[in-house]
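A structural walkthrough
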Amino acid sequence: ADYTARLWSVTGKGSVQFSGHNAAVNAAAIRPQGDLVLTASSDHSAGLWRAESGECVGVLIGHIAPVTSASFACDSLWALTASSDQTTRLWSAETLACLRIFQGHSAGV
């Protein structure tokens, strides 16, 4: 694995690369507006990126095991990450603050 994610053009005219993780990228999600990409990585973090340029907007840190999935809420105000640490976290897509930690699973999420 090269520890990157790519957003490919549906017209076949290139891609945008998202580089910055230190381990495999496990999942990616595009915000409904199409402006941001959220990646989930085995380096225990999630990355938030500008879709058009690949510029890193910020890193969501808090999980203590690989982040296995990432998604945006329908209203695009929030991002969600799930991890092998048995938690799901709710993040502000604007401030990148962790707003809530959902616990209670007995295995990775």
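Residues numbered from 1 in each chain as written. Predicted model: local features only at pLDDT ≥ 70, side-chain atom pairs only at ≥ 80, totals over all residues. Heavy atoms only, no water.

Details of the state of the cysteines
Our working rule: Our working definition of a disulfide is a cysteine sulfur pair at a distance within 2.5 Å. When a residue's accessible area, from a 1.4 Å probe over protein chains only, is under 20% of the maximum for its type it is buried; when over 50% it is exposed; and in between it is partly exposed.
Using the criterion set out here, one finds zero disulfides in the structure. Between Cys56, a free cysteine, and Cys98, which holds the nearest cysteine sulfur, the sulfur-to-sulfur gap is 17 Å. Of the residues examined, Cys56 reaches a relative accessible area of 34% and is grouped as partly exposed. Looking at Cys74, it has no disulfide partner, and the nearest cysteine sulfur is the one in Cys98, 20 Å off. Given a relative accessible area of 80%, Cys74 falls into the exposed group.

Side note on the pattern of salt bridges
Basically, it comes down to this: Each salt bridge in this description consists of a side-chain nitrogen of Lys or Arg and a carboxyl oxygen of Asp or Glu lying within 4 Å of one another.
Taken as a whole and assessed by the stated rule, the structure comprises three salt bridges. Across the salt bridge formed by Arg31 and Asp35, the nearest N and O atoms sit 2.6 Å from each other. For Asp35, a relative accessible area of 33% translates into the label partly exposed. In this structure, Arg50 and Glu55 form a salt bridge, with 3.3 Å as the shortest nitrogen-oxygen distance. For Arg50, a relative accessible area of 39% translates into the label partly exposed. Through salt bridges with shared partners, one network takes in Arg31, Asp35 and Glu94.

Here we look at the environment of Thr88
Stated formally: Numbering of helices and strands starts at the N terminus; helices are DSSP runs of H or I of at least 4 residues and strands are runs of E of at least 2. In this description, contact between two residues means that some pair of their heavy atoms is separated by no more than 4.5 Å.
For Thr88, the position within the fold is in strand 9 (residues 88–92). Remark: the alpha-carbon pair of Thr88 and Phe72, spanning 16 residues in sequence, is separated by 13 Å. If we ignore the near neighbours within four places in the chain, the residues touching Thr88 are Leu80, Thr81, Ala82, Arg100, Ile101, Phe102 and Val109.

Some words on the pairing of strand 3 (residues 25–30)
Put simply, the rule is: Strands are labelled as partners when DSSP assigns at least two bridges between them.
Sheet topology note: the strand 3/strand 4 (residues 36–41) ladder contains five bridges and is antiparallel. Within the sheet, the bridge partner assigned to Ile30 lies in strand 4 and is Val37.

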